[in-house]
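So you can see what is in the structure, the chains are spelled out below.
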Amino acid sequence: VEFTGIPSTVKRITVMFYSLSTTSTNAPRVQLGTASSYDTSGYSASAAAVSATPVWSGGTNVDGFVLTGQVSAGTELSGTLVLTNITSNVWVAVVGGNNPAGSAICGGGFKSLSGTLTRLQVIPSLGSFDAGTINIMYE
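Since we're looking at a predicted model, the values are computed, not measured.

Conventions and cut-offs
Residues numbered from 1 in each chain as written. Predicted model: local features only at pLDDT ≥ 70, side-chain atom pairs only at ≥ 80, totals over all residues. Heavy atoms only, no water. Helix = DSSP H or I, 4+ residues; strand = E, 2+ residues; numbered from the N terminus. Rg over C-alpha atoms; globule rule 2.2 N^0.38 Å. Buried < 20%, exposed > 50% of the residue type's maximum accessible area, 1.4 Å probe, protein only. Contact = heavy atoms within 4.5 Å. Areas by Shrake-Rupley, 256 points an atom, 1.4 Å probe, with all protein chains shown as cover. Lys, Arg positive; Asp, Glu negative; His and termini not counted. Charge placed at Lys NZ, Arg CZ, Asp CG, Glu CD. Salt bridge = Lys/Arg side-chain N within 4 Å of Asp/Glu carboxyl O.

It is worth spelling out the overall build of the chain at this point. When helices and strands are counted, the chain shows zero helices and eleven strands. Along the chain, from the amino end to the carboxyl end, the secondary structure elements read β-β-β-β-β-β-β-β-β-β-β. The C-alpha radius of gyration of the chain comes to 14 Å, within 12% of the 14 Å expected for a compact globule of 139 residues. A principal-axis box enclosing the C-alpha atoms of the chain has dimensions of 40 × 25 × 25 Å. In the chain, which comprises 139 residues, the proportion classed as buried is 43%. Within the chain, counting contacts between residues at least 6 apart in sequence, those at least 24 apart form 67% of the total. For the chain, the exposed surface amounts to about 6500 Å²; the carbon and sulfur share of it is 54%. With 5 positive and 6 negative side-chain charges, the chain shows a separation of 11 Å between the mean positions of the two kinds.

Below, the structure is given as structure tokens:
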């Protein structure tokens, strides 16, 4: 799912997702882009799903901001990823939310772009999206 035409004056972007699920066990992720392409490497990012029975699953990622730790195919995720322009073309991210299995989602990271952010995409990593809603707002 792509969002293009993001104004150069934007300082914060909220990616909202509701009942988002994929056909794979890899977590969906968000990639940032400049005028000509998306950056598919160089992210410092991690996320986890934490349950009430202290079970933790998570990991790090370099090709995008992950929305949760590892998931089962069909797991529905709901939450937000907030991106903030901290300085120049450096963006920091914080993700939070939950899934119906009762796990909390938490994570974050940063990415330095070579130019001004003008687009972002939410990708399923592997497989495809099979349910859910994705949207953004920016300020």
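Read on for the rest.
For the coordinates displayed, the defined rule picks out three salt bridges. A salt bridge links Arg 29 to Asp 63; the nearest nitrogen and oxygen atoms lie 2.8 Å apart. Of this pair, Arg 29 sits in strand 3 (residues 29–33) while Asp 63 sits in the loop between strand 5 (56–61) and strand 6 (65–66), and the two are 34 residues apart along the sequence. For Asp 63, a relative accessible area of 27% corresponds to the partly exposed category. In this structure, the salt-bridge partner of Lys 111 is Asp 39, at a minimum N-O distance of 3.1 Å. Here Asp 39 lies in the loop between strand 3 and strand 4 (44–50) and Lys 111 lies in strand 9 (residues 104–112), a separation of 72 residues in the sequence.

Here we come to unusual backbone geometry. For Ser 19, which is not a glycine, the phi torsion comes out positive at approximately 50°. Mapping Ser 19 onto the fold places it in strand 2 (residues 12–22). On the accessibility criterion, Ser 19 (17% relative accessible area) is buried. Positive phi, close to 70°, is recorded for Ser 125, a residue that is not glycine. Locating Ser 125 in the fold gives a position in the loop between strand 10 (119–123) and strand 11 (129–138).

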